[in-house]
Amino acid sequence: MSVALALVIALLCTSCVEKIDEDRGAQSPTATSSRGDDRNPTASVVEQFAGERMSFGVVPSAPEAASGDPILVGMINQEDTPLGSFPELRLGAQAAVEFINQELGGVGGRPIELVACITSFSVERSQSCAQTLVQRGVVAVLGGIDITSNGSIPVLERNETPYVGGIPVNFDEMRSPISFQFSGGAPGAFVAFAEHAARVLGARRVVVAYGDYESIRASAIDYGVRTLRRRGVEEITEIAFPITSTDFLPVLTKAKQADPDAIFLGAADSACAPAMKTSHELGLSAKLYLVGACAAPKIATSVGEDAVEGRIFNVEGPIDPQNREGQLYFAVTERYGDPNLPAQSAATVTFRSMMNLYALLDELGPDGISRQSLLELLRSTRKRPSFNGHDYTCDGKQVPGLPALCAPQQILVERRSGAIVPVSDWIDVPAVLREVLER
């Protein structure tokens, strides 16, 4: 994968590392829960969670397999290319489909068939994928990562085919009227950083440093900086750096000269470790905010605990030792996941998307499913439960200018003594923006 592409993806996938406990912690299906540690690991998943209400409904007491005519759901994902390959996204969605078909009885008895099309950093290939899926008669297309979605999205728009979830890495997915995203992307992260720094930290001087890429730049300035200014933070220093940069000495040296209370650093993937290490070596006392991808345990291992201590990250799933949907996710991936699927990965994103889509299809019923009925139902959602995430509303009004973001709310966590500790409840990004932008 090229450094530039890796950084763009990681920056825009702000909370891809949602399960960040080093040993799976409370998210493991074998962890102690509020029901006690009395589950049989050889039992079906539904038997382990029987009778519990989840975002997708009440878990049945016994598994039921689906049969009959399949409901086709497409998926576009970038794989098999040196410019970035993300098979875990497809494998996460497929694990959810297997669970739905083998244990939840499908949609009113009908199984879901995932029709995946692999793109390869090519507008023409993404366009071809979209055309093929439309011709196959899919009721929706599940998003993976499609860097060149300006090829696929226009085709789906012309055919009024819903594009559901995934990891939006450019403005096409964030703005299209047929796109519905269960994430806040980079805009959600920067708004949450600004709200916390101004309201909780009481910061008066803030540095906003970001990779110089269109959607990242817009997220940092149009949403992050604007929120800071509306919250009364007047001393704001903006620092743009090349998206390929892994040397943060010039950036953080300049940041230190501003004597900030807080630094927002839009850097991820291969930039996470050097950014935190350099900050530590410079003795920066400012609170450092980074995107959730930087919270990966392997990064802390590589740079040492002193370098990550006190750093704040955003996530889009609850950090709760009793979180049952997190435990169900691990139980499903353990039973139905491909051997090559790392459970602690961005697979959480597409698993969530598939479970949310399943709940919508189940509401429509096996005979009421069409592209149009699904579009109408998605657009009518108001505070609908999302699998292991914040409730979503897809009325196109959550984030001004980015109507496809249905659930941009964020939780902030801090690294303390080797653990990840929540430092906020859900930050209601839409509410913040209504106040900030409508004054």
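Presented here is an overview of the structure given in this document. Bear in mind that the values here come from a model prediction, so they are computed numbers and not experimental data.

With respect to the state of the cysteines
So, point 1. If you walk through the whole model with that rule in mind, you get three disulfides.
So, point 2. Between the sulfur of Cys 117 and that of Cys 129 lies a disulfide, 2.1 Å long from S to S. As the torsion about the S-S bond is roughly -80 degrees, the Cys 117-Cys 129 disulfide counts as left-handed. In this pair, Cys 117 sits in strand β4 (residues 112-119) while Cys 129 sits in helix α4 (residues 123-136), placing the two residues twelve residues apart along the sequence. Accessibility classification places Cys 117 together with Cys 129 in one group, the buried group.

Focus on the pattern of salt bridges
So, point 1. Tallied over the entire structure, the rule returns 14 salt bridges.
So, point 2. For the salt bridge of Glu 195 with Arg 231, the shortest nitrogen-to-oxygen distance reads 2.8 Å. One end of the pair, Glu 195, is in helix α7 (residues 185-201); the other, Arg 231, is in the loop between α8 (214-230) and β9 (235-241), and 36 residues separate them in sequence.
So, point 3. For Glu 195, a relative accessible area of 13% corresponds to the buried category.
So, point 4. Among the ionic pairs, Arg 199 bridges to Glu 435, the shortest N-O distance being 3.6 Å. Of this pair, Arg 199 sits in helix α7 while Glu 435 is found in helix α16 (residues 429-437), placing the two residues 236 residues apart along the sequence.
So, point 5. Each member of the salt-bridge network shares a partner with another, and the members are Glu 195, Arg 199, Arg 231 and Glu 435.

What to know about the sheet that holds strand β7 (residues 179-180)
So, point 1. Taken in spatial order, the five strands line up as β4-β3-β5-β6-β7 in an open sheet, and their pairing is parallel. At either end of the open sheet lies a strand with only one pairing partner, and these are β4 and β7.
So, point 2. Bridging between strand β5 (residues 140-143) and strand β6 (residues 163-164) involves two bridges; their strand directions are parallel. Following the sheet pairing, Val 141 is matched in β6 by Tyr 163.
So, point 3. Running at roughly 155 degrees to β5, helix α14 (residues 347-364) makes contact with β3 (71-78), β4, β5 and β6 of the sheet.

Brief notes about the pairing of strand β13 (residues 411-416)
The side chains of a regular strand alternate between both faces of the sheet.
So, point 1. β13 sits mainly inside the fold: five of its six residues count as buried.
So, point 2. What sits between β13 and strand β14 (residues 419-422) in their antiparallel hairpin is a turn of two residues, with Ser 417 showing a positive phi close to 50 degrees.

Reading the values: rules and limits
- Residues numbered from 1 in each chain as written.
- Predicted model: local features only at pLDDT ≥ 70, side-chain atom pairs only at ≥ 80, totals over all residues.
- Heavy atoms only, no water.
- Disulfide = S-S within 2.5 Å.
- Helix = DSSP H or I, 4+ residues; strand = E, 2+ residues; numbered from the N terminus.
- Buried < 20%, exposed > 50% of the residue type's maximum accessible area, 1.4 Å probe, protein only.
- Salt bridge = Lys/Arg side-chain N within 4 Å of Asp/Glu carboxyl O.
- Pairing = 2+ DSSP bridges.
- Contact = heavy atoms within 4.5 Å.
- Axes fitted to C-alpha atoms, helices over the stretch in contact; angles between N-to-C directions.

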